[in-house]
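Structural overview
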Amino acid sequence: MATGKINVSVENIFPLIKKFLYSDHEIFLRELVSNATDATLKLKHLTSIGEAKVEYGNPKIEIKVDKEAKKIHIIDQGIGMTADEVEKYINQVAFSGAEEFLDKYKDTGKDAGIIGHFGLGFYSAFMVADKVDIITKSFKDEPAVHWSCDGSPEFELKESDKTERGTEIVLHIADDSTEFLEDARITALLSKYNKFMPIPIKFGTKTETLPKPKDAKEDDPAPTREVDNIINNPDPAWTKKPADLKEEDYKNFYRELYPMQFEEPLFNIHLNVDYPFNLTGILYFPKLTNDMNIQKDKIQLYQNQVFVTDNVEGIVPEFLTMLRGVIDSPDIPLNVSRSYLQADGAVKKISSYITKKVADKLNSLFKNSRGDFEQKWNDIKVVIEYGMLSEDKFFEKAEKFALYPTVDGTYFTYGELEAKIKDTQTDKDDKMVILYASDKESQHSYIEAAKAKGYEVLLLDSPIVPHLLQKLETSKEKISFARVDADHVDNLIKKEDTTISKLSDEEKEKVKEQIEAVLEAHNGFTVQMEAMDSSAQPFMITEPEFMRRMK
Ligand code: ADP
Ligand code: MG
């Protein structure tokens, strides 16, 4: 047997990066804009703690595409790099200056919003470029430098005459990547990945129409001017405090997220936690419509305001993937495979936190505005019922607010229903029998017959409900569900019903007629025959629902 050392040559690393580092070549722009953002946020932090004695100003990041020269420029006004720093941060592959910064400024820097992680983002430039230039001037009083590399491990470093603080990255786009020289492609990428990044990002200019001056003639054209085309909203709603947001702000943000979705969301859940993990976000219960763009309008996952994916599988439980909105967490590992994500401890905690928040919000809506909750039930029941079916923790919480509508449009929680029927709707095994219809019309006569006997009949018409009933039957000891048109509905009994009726059917009918005659004035009361079988309780008069409510 022999042991040895595998020899990894640096020469091999660029082709590897190009092929395997990221499955999507398009993320190069996300990575470079993230670095530009980090550089700007670092400067912001250093000026705020007095370590950098320069004017922070109103920095922005600019993207320029030069189709003719086949170049893309990413220009920032951030912290910049000295020659030594280029050596340290750029020439050392997989050394993350972002992590170093966070280590150094542990206490004050942790909320600076720094994005970088692995020290690999910069090299994603070589997925689309065959040569990359970095022209950079540090905020420190040192000469600007120009680094240049054509993808081989050799690089060139010389002085530059750049005078403004900050960094310019120039990508010489490779022949197999010229698609990225199209304005439309870059616009689409920026709005996908950078739409909510914290520093303004400029891509070209746009024409803005100004109001006409007062003395303008009617057919004078409105004046216009060229302004920066800023592609992002640096302060998206989820980064703000819930207390600073109005209902309207949440709705506007929904429209910003899903411009093609015209239905308003039903309600939102603002997520905000910083221990034991960091997570913010806003989730919406959408109004389900047929033309909903299920493919496109999904929950979006961000990391420090950088879009990562809209495949949140594993991060929220499956039943919540039907929701819409944004989750932002620096604690969700990026760039790693799905199977890793699902096994990750932090991700599991995040998933159960979100489940709990959703349940809490539903519970408070139910408690504080039940009427509204009942009205929305039809739109939200799929999510809730599916959640109850698939997640036991959610089931426990949802039992308090999950609603069961009757054929007459009354909504019971399970507890309310149980209290109402536990003594009046049982079978011979002493099990509470919950009657339900799945279709009001075809089961009409059965429904009427059951109602005439004073039974409650639920209207359960969602596709998930039969499975949920099964789960309830197995989790509760003494209940069973029966379709209103099933045979044994006729055999239901009351708890006290132990003696066999001494009256014949004919006699019962007579007594019933007599009682009803007496009660005639009280239109709407019904007399239940079955009750008359009991010796302790000779008969039962039931009031219609609405009369009790009027009292
Ligand atoms: P990470 O962002 O994970 O630290 P990157 O490979 O993306 O790793 O970048 C490596 C380092 O290079 C950064 O941490 C930073 O120190 C430096 N750097 C990259 N781009 C810039 C920039 N535009 N301005 C200043 N420094 C930069
Ligand atoms: Mg980076």
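Because the structure is predicted, anything quoted here is derived from the model rather than measured. (Residues numbered from 1 in each chain as written. Chains lettered and ligands numbered in written order. Predicted model: local features only at pLDDT ≥ 70, side-chain atom pairs only at ≥ 80, totals over all residues.)

**What about the overall build of the protein?**
Helix and strand counts for the protein stand at 16 helices and 20 strands. Residue burial in the protein is summarised as follows: out of 551 residues, 33% are buried. (Helix = DSSP H or I, 4+ residues; strand = E, 2+ residues; numbered from the N terminus. Buried ≥ 20, exposed ≤ 12 C-beta atoms within 10 Å, placed from the backbone.)

**Looking at helix 14 (residues 465-475)**
The set of residues buried in helix 14 consists of V465, L468 and L472. Taken end-on, helix 14 shows its buried residues confined to a sector of 55°, consistent with a single buried face. Opposite the packed face of helix 14, turned more than 90 degrees from it, sit the exposed residues P466, Q470 and T474. Contacts from the buried residues of helix 14 go to helix 10 (370-390) and strand 18 (479-483). (Arc of directions from axis to C-beta. Contact = placed C-beta atoms within 7 Å.)

**Some thoughts on the site of ligand 1**
Neighbouring ligand 1 are 23 residues; N35, A39, G97, G116 and G121 lie closest to it. For the shell around ligand 1, the elements supplying multiple residues, two or more each, are helix 2 (27-48), helix 3 (83-90) and helix 4 (97-104). Here the shell around ligand 1 takes five residues from helix 2, the largest share from any one element. Taken together, the residues of the shell around ligand 1 sort by class into 10 nonpolar, 10 polar and three charged. (Near = placed C-beta within 6 Å. Nonpolar A, V, L, I, M, F, W, Y, C, P; charged D, E, K, R; others polar.)

**Description of the nonpolar core**
Among the nonpolar cores identified, the biggest contains 117 residues, and A125, V132, L171, I282, L435 and V457 are the most heavily contacted of them. The dominant element in this core, judged by the number of residues it contributes, is helix 2, at 10 residues. For L171, the residues in contact, after removing those within four places along its chain, are K71, I72, A125, V128, A129 and V132. (Core = buried A, V, L, I, M, F, W, Y, C linked by C-beta atoms within 7 Å.)

**Things to note about the environment of V382**
Within the secondary structure layout, V382 lies in helix 10. With 51 residues separating them in the primary sequence, V382 and V433 have C-alpha atoms 24 Å apart. In this structure V382 touches S462 and I464, once residues within four positions along its chain are discounted.

**Quick word on the sheet that holds strand 5 (residues 155-159)**
Taken in spatial order, the eight strands line up as 5-4-3-6-2-1-7-8 in an open sheet, and their pairing is mixed. The open sheet has two edge strands with one neighbour each: strand 5 and strand 8 (224-230). Neighbour-to-neighbour, the strand axes of this sheet turn through a mean angle of 25°, independent of strand direction. Sheet topology places strand 2 (residues 71-75) next to strand 6 (residues 166-173); five bridges connect them, and they run antiparallel. Bridged to H73 within strand 6 is V170. Sitting on the sheet, helix 2 is in contact with strand 1 (61-66), strand 2, strand 6 and strand 7 (201-209), with an inclination near 150° to strand 1. (Pairing = 2+ DSSP bridges. Axes fitted to C-alpha atoms, helices over the stretch in contact; angles between N-to-C directions.)

**A few points about the UniProt feature "binding site: ATP" (unreviewed entry) in the protein**
In this structure's numbering, the residues bearing the UniProt feature "binding site: ATP" (unreviewed entry) are E31, N35, D76, M81, S96, G97, T167 and R338. When you line up the elements, D76 lands in the loop between strand 2 and helix 3. In contact with D76, other than residues within four places in its own chain, are A36, A39, T40, I61, G166 and T167. According to the C-beta neighbour criterion, G97 is buried, with 22 such atoms within 10 Å. Residues contacting G97, with those up to four places away along its chain left out, are Y89 and G116. (UniProt positions renumbered as here; feature names shortened; annotations may be inferred.)

**Details of the packing of helix 10 against helix 14**
Two numbers describe how helix 10 lies on helix 14: the axes approach to 10 Å, and their chain directions differ by 40°. Comparing the axis directions of helix 10 and helix 14 gives the class oblique. Here the hand of the crossing between helix 10 and helix 14 comes out left-handed. Taken together, the residues of helix 14 that come into contact with helix 10 (itself represented by E385, M388 and L389) are V465, H467, L468 and K471. Residue composition of the contact of helix 10 with helix 14, grouped by class: four nonpolar, one polar and two charged. (Parallel < 35°, antiparallel > 145°, perpendicular 65-115°, else oblique. Left-handed = near helix turned anticlockwise from the far one by under 90°.)

**Some points on the pairing of strand 4 (residues 145-149)**
What you see with strand 4 is a clean split: V145, W147 and C149 sit on the buried side and H146 and S148 on the side with no burial. Sheet topology places strand 4 next to strand 5; five bridges connect them, and they run antiparallel. When the sheet's bridge partners are listed, C149 is paired in strand 5 with F155. What sits between strand 4 and strand 5 in their antiparallel hairpin is a turn of five residues, with G151 showing a positive phi close to 100°.

**A word on the sheet that holds strand 18**
What the three strands build is an open sheet, ordered 17-16-18; its pairing is parallel. The two strands at the open ends of the sheet, each matched to only one other strand, are strand 17 (457-459) and strand 18. Between one strand axis and the next, the sheet turns through 40° on average, direction left out of account. Sheet topology places strand 16 (residues 432-437) next to strand 17; three bridges connect them, and they run parallel. Looking at the pairing, L435 lines up with V457 of strand 17.

**Here's the deal with the pairing of strand 10 (residues 279-285)**
Along strand 10, seven of the seven residues are buried, which leaves the element largely enclosed by surrounding structure. Going residue by residue along strand 10, you find L279, G281, L283 and F285 tucked away on one face and T280, I282 and Y284 tucked away on the opposite face as well. Note that strand 9 (residues 267-273) and strand 10 share seven bridges and pair antiparallel. Directly across from N272, in strand 10, lies its bridge partner T280. Between strand 9 and strand 10, which pair antiparallel and follow one another directly, the connecting turn spans five residues.

**Brief notes about the confidence of the model for the protein**
Of the residues in the protein, 81% reach a pLDDT of 70 or more, and the chain-wide mean stands at 84. Scored below 50 in pLDDT, residues 497-501 makes seven contacts in the model with residues more than four places away or belonging to other chains. Taken as a whole, residues 543-551 scores under 50 in pLDDT and shows six contacts with residues more than four places along the chain or in a different chain. With pTM at 0.80, the complex prediction returns an ipTM value of 0.99. (pLDDT = per-residue confidence, 0-100.)

**With respect to unusual backbone geometry**
With omega at 0°, the peptide bond leading from Y275 into P276 counts as cis. With respect to the helices and strands, P276 occurs in the loop between strand 9 and strand 10. The phi dihedral of K70 is positive, around 55°, even though this residue is not glycine. Owing to 18 C-beta atoms within 10 Å, K70 belongs among the partly exposed residues under this scheme. For Q305, which is not glycine, the phi torsion reads 70° and is therefore positive. By secondary structure assignment, the location of Q305 is in the loop between strand 11 (300-303) and strand 12 (306-309).

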